[in-house]
Number of protein chains: 2
Amino acid sequence: MAQSTAQERNLRPSADATRERILAAALDLFSERSFEGATTREIAARAGVTQPLLNYHFKTKDELWRAAVDGLFDELDAALTARQEGLRGVDDLTVARLLIREFVHFSATHPQLHRIITQECKNDSPRMDWLVERHIRRNYDAVTAIFERLVAAGHVPNIPAPHLYYILTGAGPTMFVLAPECRRLAGIDPEAPEVVDAHADAVIELIFGHRAEERT
Amino acid sequence: MAQSTAQERNLRPSADATRERILAAALDLFSERSFEGATTREIAARAGVTQPLLNYHFKTKDELWRAAVDGLFDELDAALTARQEGLRGVDDLTVARLLIREFVHFSATHPQLHRIITQECKNDSPRMDWLVERHIRRNYDAVTAIFERLVAAGHVPNIPAPHLYYILTGAGPTMFVLAPECRRLAGIDPEAPEVVDAHADAVIELIFGHRAEERT
DNA sequence: GATGATCCTAATCAATTGATCAGGAAACAG
DNA sequence: CTGTTTCCTGATCAATTGATTAGGATCATC
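Everything numeric in this text was worked out from a predicted model, so none of it was measured.

Colleague: I would appreciate a short explanation of the overall build of chain A in the present structure.
Modeller: Scanning chain A from N- to C-terminus turns up 12 helices and zero strands. Scanning chain A from its N terminus toward the C terminus, one meets helices and strands in the order α-α-α-α-α-α-α-α-α-α-α-α. Put simply, chain A has 216 residues, and 52% of those count as buried. Expressed as a percentage of contacts within chain A between residues at least 6 apart in sequence, the contacts between residues at least 24 apart total 63%. For chain A, the accessible surface area stands at approximately 10200 Å², while carbon and sulfur atoms represent 51% of it. Taking the average location of the 25 positive side-chain charges in chain A and that of its 32 negative ones, the two points are 5 Å from each other.

Colleague: Is there a simple way to think about unusual backbone geometry in this case?
Modeller: Among all residues save glycine, negative phi is the norm, and among peptide bonds the norm is trans. The phi torsion at A:Ser34 lies on the positive side, around 85 degrees, for a residue other than glycine. Considering the arrangement of structural elements, one finds A:Ser34 in the loop between helix H1 (15-33) and helix H2 (40-47).

Colleague: Teacher, can you tell me more about the packing of helix H4 (residues 61-85) of chain A against helix H6 (residues 112-120) of chain A here?
Modeller: For any two helices packed against each other, the geometry comes down to the angle between their axes and how far apart the axes lie. All names here are of chain A. Following both chains from N to C, one finds H4 and H6 inclined at 125 degrees, their axes separated by 10 Å at the closest point. When the interaxial angle is binned, H4 and H6 end up oblique. In the packing of H4 onto H6, the handedness of the crossing is left-handed. Contacts between H4 and H6 involve Trp65, Val69, Leu72, Phe73 and Leu76 on the former and, on the latter, Gln112, Leu113, Ile116, Ile117 and Glu120. In the contact of H4 with H6, the residues fall into eight nonpolar, one polar and one charged.

Colleague: Explanation requested: the environment of B:Pro111 in the structure shown.
Modeller: All names here are of chain B. Assignment of secondary structure puts Pro111 in the loop between helix H5 (92-109) and helix H6 (112-120). Relative accessible area serves as the criterion here: at 14%, Pro111 is assigned to the buried category. In sequence terms Pro111 and Leu27 are 84 residues apart; their C-alpha atoms lie 10 Å from each other. Apart from the residues within four sequence positions on either side, Pro111 is in contact with Phe176 and Val177.

Colleague: Where do I start with the interface of chain A and chain B in this structure?
Modeller: Frequently, the measure chosen for interface size is the accessible area that the parts lose on association. Counting residues at the interface gives 52 residues for chain A and 52 residues for chain B. In total, chain A and chain B occlude about 4700 Å² of area from one another, counting both sides; carbon and sulfur atoms represent 66% of this. Taken as a group, A:Lys122, A:Tyr166 and A:Leu206 account for 18% of the area that chain A buries against chain B, more than any other trio of residues on that side. For B:Arg184, the salt bridge identified is with A:Asp129, shortest N-O distance 2.9 Å. Connecting chain A to chain B are 16 residue pairs in polar contact (both at pLDDT 80 or more). Secondary structure elements with two or more residues in the side of chain A that touches chain B: H1, H6, helix H7 (126-152), helix H8 (161-171), helix H9 (174-177), helix H10 (179-186) and helix H11 (193-208) of chain A. With nine residues, the single largest contributor to the side of chain A that touches chain B is H8(A). Broken down by class, the residue content of the side of chain A that touches chain B amounts to 29 nonpolar, 11 polar and 12 charged.

Colleague: Is there a simple way to explain the side chain of B:Thr144 in this structure?
Modeller: Secondary-structure assignment places B:Thr144 in helix H7 (residues 126-152). B:Thr144 has contacts with B:Ala161, B:Pro162 and B:Tyr165, leaving out every residue within four places of it along the chain.

Colleague: Explanation requested: the pattern of salt bridges in the structure shown.
Modeller: Opposite charge on two side chains permits pairing when their charged atoms draw close. Across all of its chains, the model carries 32 salt bridges over all chains by this definition. The partner of B:Arg184 in a salt bridge is A:Glu133, with the nearest N and O atoms 2.9 Å apart. Taken as a pair, B:Arg184 in helix H10 (residues 179-186) and A:Glu133 in helix H7 lie in two separate chains rather than in one. Salt bridges here are not isolated pairs; linked through shared partners, they connect A:Asp129, A:Glu133, A:Arg137 and B:Arg184.

Colleague: Can you help me understand the protein's contact with DNA strand D in this one?
Modeller: Around DNA strand D, a shell composed of 21 residues is seen, among which A:Thr18, A:Thr50, A:His57, B:Arg41 and B:Lys61 lie nearest. A share of 58% is what sugar and phosphate atoms reach among the atoms of DNA strand D within 4 Å of the protein. Take A:Thr18: an N or O atom from its side chain is 2.5 Å from a phosphate oxygen of DNA strand D. The side chain of B:Arg41 places a nitrogen or oxygen atom 2.7 Å from a base nitrogen of DNA strand D. Looking at the surface near DNA strand D, the elements that each hand over two or more residues are H1 and helix H3 (51-57) of chain A together with helix H2 (40-47) and helix H3 (51-57) of chain B. Grouping the constituent residues of the surface near DNA strand D by class yields eight nonpolar, eight polar and five charged.

Colleague: What am I meant to see in the nonpolar core here?
Modeller: Note that soluble globular proteins tend to have their nonpolar side chains buried in a common cluster. With 54 residues, the main nonpolar core has A:Ile100, A:Ile207, A:Phe208, B:Ile100, B:Leu150, B:Ile207 and B:Phe208 as its most contacted residues. Of all the elements in the fold, those that place two or more residues in this core are helix H5 (92-109), H7, H8 and H11 of chain A together with H5, H7, helix H8 (161-171) and helix H11 (193-208) of chain B. Beyond its immediate stretch of four places on either side in the chain, A:Phe208 contacts A:Leu93, A:Ala96, A:Arg97, A:Ile100, A:Leu150, A:His155 and A:Val156.

What counts and what doesn't
Residues numbered from 1 in each chain as written. Chains lettered and ligands numbered in written order. Predicted model: local features only at pLDDT ≥ 70, side-chain atom pairs only at ≥ 80, totals over all residues. Heavy atoms only, no water. Helix = DSSP H or I, 4+ residues; strand = E, 2+ residues; numbered from the N terminus. Buried < 20%, exposed > 50% of the residue type's maximum accessible area, 1.4 Å probe, protein only. Contact = heavy atoms within 4.5 Å. Areas by Shrake-Rupley, 256 points an atom, 1.4 Å probe, with all protein chains shown as cover. Lys, Arg positive; Asp, Glu negative; His and termini not counted. Charge placed at Lys NZ, Arg CZ, Asp CG, Glu CD. Axes fitted to C-alpha atoms, helices over the stretch in contact; angles between N-to-C directions. Parallel < 35°, antiparallel > 145°, perpendicular 65-115°, else oblique. Left-handed = near helix turned anticlockwise from the far one by under 90°. Nonpolar A, V, L, I, M, F, W, Y, C, P; charged D, E, K, R; others polar. Buried area = accessible area lost by both parts, 1.4 Å probe. Salt bridge = Lys/Arg side-chain N within 4 Å of Asp/Glu carboxyl O. Polar contact = N/O pair within 3.5 Å; in protein donor to acceptor, adjacent residues only side chain to side chain. Near = heavy atom within 4 Å. Core = buried A, V, L, I, M, F, W, Y, C linked by side-chain atoms within 4.5 Å.

Purely geometric numbers; function is a separate question.
In structure tokens, the structure reads:
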């Protein structure tokens, strides 16, 4: 006979659902307020639970931070991997343009990603060590390898890959990371799909220029 | 008869010298650790004084933050104003290239600037309100006006000025803001003058491309 | 010489923080 | 029906934080 889960039967609250609500609240507050600026009381309130429950699900505040960041990078990896898989057989230049578009879109829908990165990687600390070795290095290696091939093929100006990496890492996400400032200064909503598309267009235009179009 | 100051006569410590040491320590720690992450005890220790002295010179932690940030923007304004004054009569394109170079260099020698901006402008708060209205808006207006003229003259691709502003604000400083990460990932020192020059070259190359050179 | 001002530290405080503990409610297993 | 497990909250704790207070040392002024 088919058996439904406790959650499906609308019985005792599922730990999984509560954990996910806590992780989502944690990610938002850690990225907006910093690790120290986000208190466990505020995270609990945002998740709709009491403060000691955080310690029930995650041993320490630091462990909660790591779990929240793991989930975020898992999502990024899944998005880029899926995109890249779907582009097998496509030429390097087109792939790169589309991956950058995907990256800008992911940055727009997940501004927490670069908020966390810029927050944790500005000074040496255990959290930066963990973040770089567990998540960032893999992306850095992949992105610089792609840029090296593009430079060699003449698709991108002769700029060292590390510089291209940091130019992209800055140019792509900053408008979305600073969305509150952008709304206030420019009076535009960085979350609007047409704004995100325009930004992806602009970043791609500046990195690749009209080179592919010149070839046509 | 010429009278020397107490400080010149090496007598009682000058309040000004102590204030400057406190401001420098505050700027470094606020930008590296966030407002909440930087404790008044750590700032005092870095400045070589005791914690209550911060309250003697600055009424509150928030007032100390504002004074530290004021000093930083004063320095930026002075640098850009002096540079711009020296370029009167030079054509728009050359001025823009040189101002961007100056901006990248300032970002390299003052990574605190964009650490503070990215930290405070990711969510609405009184500190962001103050920062935007007192300092950032003036720069935003000036930079977007320059970009609008450059686009109209065909020197820069037809990209809306707000997008160009955030692309520049991201591409220029990020390598220096994330200097500890960059050392660890890329094995290069973002503070090295040749690295700073290469980065300025790269940013200028991507924004302006070979357009000016094509005209020659 | 007395008094006031300046620059500073040690001690202290109230409030807040992250974590722990006791225990309740409800579902599950036998 | 009883005991166990799970998920959770209220109360509490030690440590930390930003700010306040008392007072010392030294210089300036009268």
